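Residue strings, one per chain:
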Amino acid sequence: MSDLLYFDCHAVIGQRPMKPRRARWSTEHLLEDMDLAEISGALVVHGVARSYDVRYGNERLKAELEKAPGRLFGVWCIVPIREPGFYQSGDEMVRAMEGADIRAVRVMPGGFSLAPEVMGETFEVLQHHEVLTLLEVGWSGADIFSFFHDLLSRYPRLPVLMTHHTWSQQRHIHRLMALHDNLHIEFSAYQINRGVEQYVADFGDERLLFGTEMTERSPGAARTFIDYAQIPEASRRKVAGENLRRLLKGQGPGKAAQREDDPILIEAREGRPLSVPVIDAHAHVLHEKGQSAGLNYIMYDGDAEGMLEVNHWCGIDRIAMMSWNGPVCTDAQDGNEIVWRAMQRFGDEVIGVAVIDPTHMTREEMDAEIRLRYLEQGFVGMKPYVRMNMNYEDEAFMPWWEFGNEHRLYGLMHVAGHTGGVAGVGRLAERFPEVSWVIPHAGSSWPFAEEVAACIREHPNVYAEITYTAVTNRSVEFLVEATDDAHVIFGSDAPMRDPRQQLGWVLWADLPVESRKKILRENFQRILDRVDPQIAERRLRNVD
C-alpha cells in the first residue's frame, strides 16, 4: 500500500450563503471525505470568516480544529490592519496568530482593495514573517496577469498561493509562474492537460501544491491527478504534502492515511494503470501536433497520439472522440476528418463522434456527411453544440435524429443556451426512443444533477455523463442514488481538461465496486452494443 502523505492546502468548512441543499459543509463531512480519499491533513478556512466577520469566524474555527488535532490546521481570513474590529497593528495580529498556531492566511475578495495604500502595511508584515498567503484569482478581475504581476513584484518575499484559477487561464498563470518565484499554485480547478508534468518540467517541484477545495469538490479527483503524475517519486511527495509542510514551517499531519483495500484503488493509489476496463465517453481531439485551441485554451499534446498516451498512464482503454473545432468552432467537416484520421491510425481504441452543423451545411451536405461518417466510416455518436445557436428540436436537426433513431446511435447533448435544455432532451427521447441520449456535465452542479436525474427517471433512454471542472463532491453518488447505477457514465472532456481528475471523481466515489465498474465502462458499452451492427462492422473493417 502507498505511503504517500496527502496534505490539502485548500479546504473550507462551516456555514456559507447560497449553499445548495445537498452540498456538504461541516467539519464532520470534511473528515469523512478525507478518510474516503486517504488524505492525511487539511489546511482549513471557516466559512463564517469569509461571509460574516473575519475575527468572529476565525474564533469559530478553533473549536472545529479541535475535533481532529494533527489532521486539521487553521487558515485565518484577514482584512487590512487597522480596519474597525480587526487588529490595530502588525505585531498584534502576528501575536494572535502565534497564540493560535496559525501559519497561513486567506485574503478574501470583498469590500476593500489590495492597493498599497490599503493593504500594503498588512502585506509587509506577512512578507516579513513569510506567512503563506492564499489569494483567489478573482481578486484580479479581467486582467489576471497585470494584477498579480504588480502584486507579486511589490512583495517578492511573500509566499502567495493562488486558488480558484482554471484551465482557461493558462496563458496568464504560466507567465506569472515564470516571472515570480514567490507564486505557488494548486490544481483543484486548474485541471490542465498534462499540467503537473509540464509545470514540474518548467518550474521545478517546489511551488506546486496539492489542493482539493473540499468540501465542495471531490477529494479523490484531486489526488488522482497526483497519483498518476509522470514525475519522479521525490517530486510527487513534495507536491502531495511536503511543499505545504515546508511553507507552514513544519506544521502538518504525521502519517499517511490509509483504509481497507479496495480492488479498484489498489492500482490507483500506486499510480499503476487500472486493470478494470475504462471507456471515456466524452472527449475532444486537436489536429495532429496540436497544442492549443483559440486564444484562451492551451491543451498540451492534445492530438490523438498525446491523448492516448495520457490514457495509457492511468488505464483508460478506449475513448469516444469528437474534434474540438467541429462543435466549438463549428468547422464540422474538417473536425470530423481529424477524428477519422485518428480512427484509422489507432483502430478500436478510438470511437468516432461526428458533428453535423445546419448553420454551415445545406440539407444535401448534411445528408452526404451523415452517410459518409456513419455508413462508410463507422462513427457512432452524434454531437450538436450550443455554438450552433439552435434549439436541438429545430427541424433542421430532424434528419440527423431520424437517422440516429433508425441506426440506434447515441447523442451527446450539451444543453446550455438556446438548445432546449434538459426538458428538450426529454422530448427528443420520447420522439426518438431508439437513440441513447447522453446529457454531459451532469455532475457540474447540484441543481443540474437533480434536473438530469428527474429526466432519466422519466426517460430510460437518457443517461448522465458526469464530466466538469467543478467535480462536485458526492454528485456522482447522488446521480446513482436518484436514478440507478446503470444510467451514469464516465467522461473527461479531454484534452481541455486532463482526464485523470475526472477519473478520480469516479474511482474514489463512495459507491460499491460494481457500481463504479458500471460507470467506468459497462454502461457506455451497453450503449455502444445497441448501435446498428452494419455501422459497427463498417468501422471495424475500416480500422483493421
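Let us look at the structure shown here. Counting restarts for each chain: residues are numbered from 1 in the order of the written sequence. Local features are withheld for residues below a pLDDT of 70 in this predicted model, meaning they are given only at 70 or higher, and side-chain atom pairs are given and counted only at 80 or more; totals for whole chains, interfaces and linings count all residues. Note: side-chain values were computed over all heavy atoms of the structure, leaving out hydrogens and water.

Notes on the environment of glutamate 337
Counted only if it meets this: A run of DSSP states H or I qualifies as a helix once it reaches four residues; a run of E qualifies as a strand once it reaches two. Both are numbered from the N-terminal end. With a 1.4 Å probe rolled over the protein chains alone, any residue whose accessible area is under 20% of its type maximum counts as buried; one over 50% counts as exposed, and the rest are partly exposed.
In this structure, glutamate 337 sits in helix H13 (residues 332-346). What makes glutamate 337 partly exposed here is its relative accessible area of 29%. Taking the C-alpha atoms as reference, glutamate 337 lies 9.5 Å from histidine 287; in sequence the two are 50 residues apart.

What to know about the packing of helix H17 (residues 446-458) against helix H18 (residues 475-482)
Put simply, the test is: Comment: axis = line fitted to C-alpha atoms, over the contacting stretch for helices; angle = value between 0 and 180 degrees taken between N-to-C directions. Angle categories are assigned with fixed cut-offs, so that under 35 degrees is roughly parallel, over 145 is roughly antiparallel, 65 to 115 is roughly perpendicular, and the rest are oblique. For any pair of crossing helices, the crossing counts as left-handed if the nearer helix is rotated counterclockwise from the farther one by less than a right angle, and right-handed if it is rotated clockwise. Whether two residues are in contact is decided by their heavy atoms, any of which lying within 4.5 Å being enough. Polarity classes work like this: nonpolar for Ala, Val, Leu, Ile, Met, Phe, Trp, Tyr, Cys and Pro, charged for Asp, Glu, Lys and Arg, and polar for all others, with Gly in that last group.
Here H17 crosses H18 at 25°, and the two axes come no closer than 9 Å. Between H17 and H18, the crossing angle belongs to the class labelled roughly parallel. As H17 runs across H18, the sense of the crossing is right-handed. Residues Trp446, Ala449, Glu450, Ala453 and Arg457 of H17 form the contact with H18, whose participating residues are Ser475, Phe478, Leu479 and Ala482. Of the residues contributing to the contact of H17 with H18, the split by class is 6 nonpolar, 1 polar and 2 charged.

Some words on helix H19 (residues 499-507)
The buried fraction of H19 amounts to 9 of the 9 residues, a majority that puts the element mostly inside the structure. On the buried face of H19, the contacting elements are helix H8 (195-203), helix H9 (219-227), helix H11 (265-268), helix H12 (304-314), H18 and helix H20 (513-530).

Examining the side chain of glutamine 502
Short version of the rule: Contacts described as polar in this section are N or O atom pairs within 3.5 Å, which, within protein, must combine one atom able to donate a hydrogen with one able to accept it, while residues neighboring in sequence count only if both atoms come from side chains.
As for its placement among the helices and strands, glutamine 502 is situated in helix H19. There is a polar contact of 3.0 Å between the side chain of glutamine 502 and the backbone nitrogen of tyrosine 468. Residues in contact with glutamine 502, not counting those within four places in the same chain, are Gln191, Thr467, Tyr468, Thr469, Val471, Phe490, Gly491, Ser492 and Arg497.

Description of the nonpolar core
This is how it is decided: Grouping buried Ala, Val, Leu, Ile, Met, Phe, Trp, Tyr and Cys residues that are joined through side-chain atoms within 4.5 Å yields what is termed a nonpolar core.
One finds Tyr199, Met321, Tyr374, Trp401, Tyr410, Trp437 and Phe524 to be the most contacted residues of the largest nonpolar core, which totals 196 residues. The element that contributes the greatest number of residues to this core is H17, accounting for 7 residues. Discounting residues that sit within four places of it in the chain, tryptophan 401 has contacts with Met382, Pro384, Tyr392, Met413, Leu428, Phe432, Val435 and Trp437.

Examining helix H10 (residues 233-247)
Which entries qualify depends on this criterion: To estimate how far a helix should reach, multiply one less than its number of residues by 1.5 Å. Take the seven residues that end at a residue and the seven that start at it, fit an axis to each, and the angle between those axes is the bend at that residue.
With 15 residues, H10 should cover 21 Å at 1.5 Å per step; its first-to-last C-alpha distance of 20 Å lies within 8% of that length. Valine 239 marks the point of greatest bend in H10, at about 60°. Every buried residue belonging to H10 is among Ser235, Arg236, Val239, Ala240, Gly241, Asn243, Leu244 and Leu247, and all of these are buried. Two residues or fewer after H10 comes lysine 249, characterised by a positive phi angle close to 60°.

Overview of the packing of aromatic side chains
Here is the rule we go by: Classification of ring pairs rests on two measures: the distance between centres of Phe, Tyr or Trp rings, Trp counted by its six-membered ring, which must be within 6.5 Å, and the angle between planes, read as stacked under 30 degrees, edge-to-face over 60 and tilted in between. Both a distance and an angle decide whether a charge sits over a ring: NZ of Lys or CZ of Arg must be within 6 Å of the ring centre and within 35 degrees of the ring normal.
Enumeration according to the criterion identifies 23 aromatic pairs in this entry. Plain terms: the ring middles of tyrosine 392 and phenylalanine 397 are 5.9 Å apart, the flat faces sit at 80° to each other, and that makes the pair edge-to-face. Tyrosine 392 sits in the buried class, given a relative accessible area of 1%. Residue phenylalanine 397 is classed as buried on the basis of its relative accessible area of 0%. Taken together, the ring pairs in this structure connect Phe187, Tyr190, Tyr199, Phe203 and Phe225 into an aromatic cluster. Across the ring face of tyrosine 87, the terminal group of arginine 55 is positioned such that the distance to the ring centre comes to 3.9 Å.

Focus: the packing of helix H14 (residues 363-376) against helix H15 (residues 398-407)
In contact at an axis separation of 10 Å, H14 and H15 are set at 25° when each is read in the N-to-C sense. Taken together, the axis directions place H14 and H15 in an arrangement best described as roughly parallel. Once H14 is placed against H15, the crossing between them reads as right-handed. Contacts between H14 and H15 involve Arg363, Asp367, Ile370, Tyr374 and Leu375 from the former and Pro399, Trp400, Phe403 and His407 from the latter. When the residues that make up the contact of H14 with H15 are grouped by side-chain class, the tally is 6 nonpolar, 1 polar and 2 charged.

Examining unusual backbone geometry
Note that the residue after methionine 214, namely threonine 215, is joined by a cis bond; omega there is 10°. One can find threonine 215 in the loop between strand E9 (208-209) and H9. Cis rather than trans, the peptide bond between alanine 494 and proline 495 has omega equal to 0°. Mapped onto the elements, proline 495 comes out in the loop between strand E19 (488-489) and H19. Residues other than glycine seldom take positive phi values, yet methionine 18 does so here, at roughly 65°. Mapped onto the secondary structure, methionine 18 falls in the loop between strand E1 (7-13) and helix H1 (27-36).

Side note on the pairing of strand E14 (residues 350-354)
Residues in a regular strand point their side chains to alternate faces of the sheet. Where we set the bar: We call two strands paired when DSSP finds no fewer than two bridges between them. A clockwise path from the first strand over the helix to the second, with the strands pointing away from the viewer, defines a right-handed crossover.
Most of E14 sits out of view: 5 of its 5 residues are buried. Alignment of strand E13 (residues 318-321) against E14, held across 3 bridges, turns out to be parallel. Within E14, the residue paired with methionine 321 across the bridge is glycine 352. For the segment spanning E13, H13 and E14, crossover handedness is right-handed. Bridging between E14 and strand E15 (residues 381-382) involves 2 bridges; their strand directions are parallel. Counted as the bridge partner of alanine 354 is methionine 382 from E15. The parallel pair E14 and E15 is bridged by H14, and the resulting crossover is right-handed.

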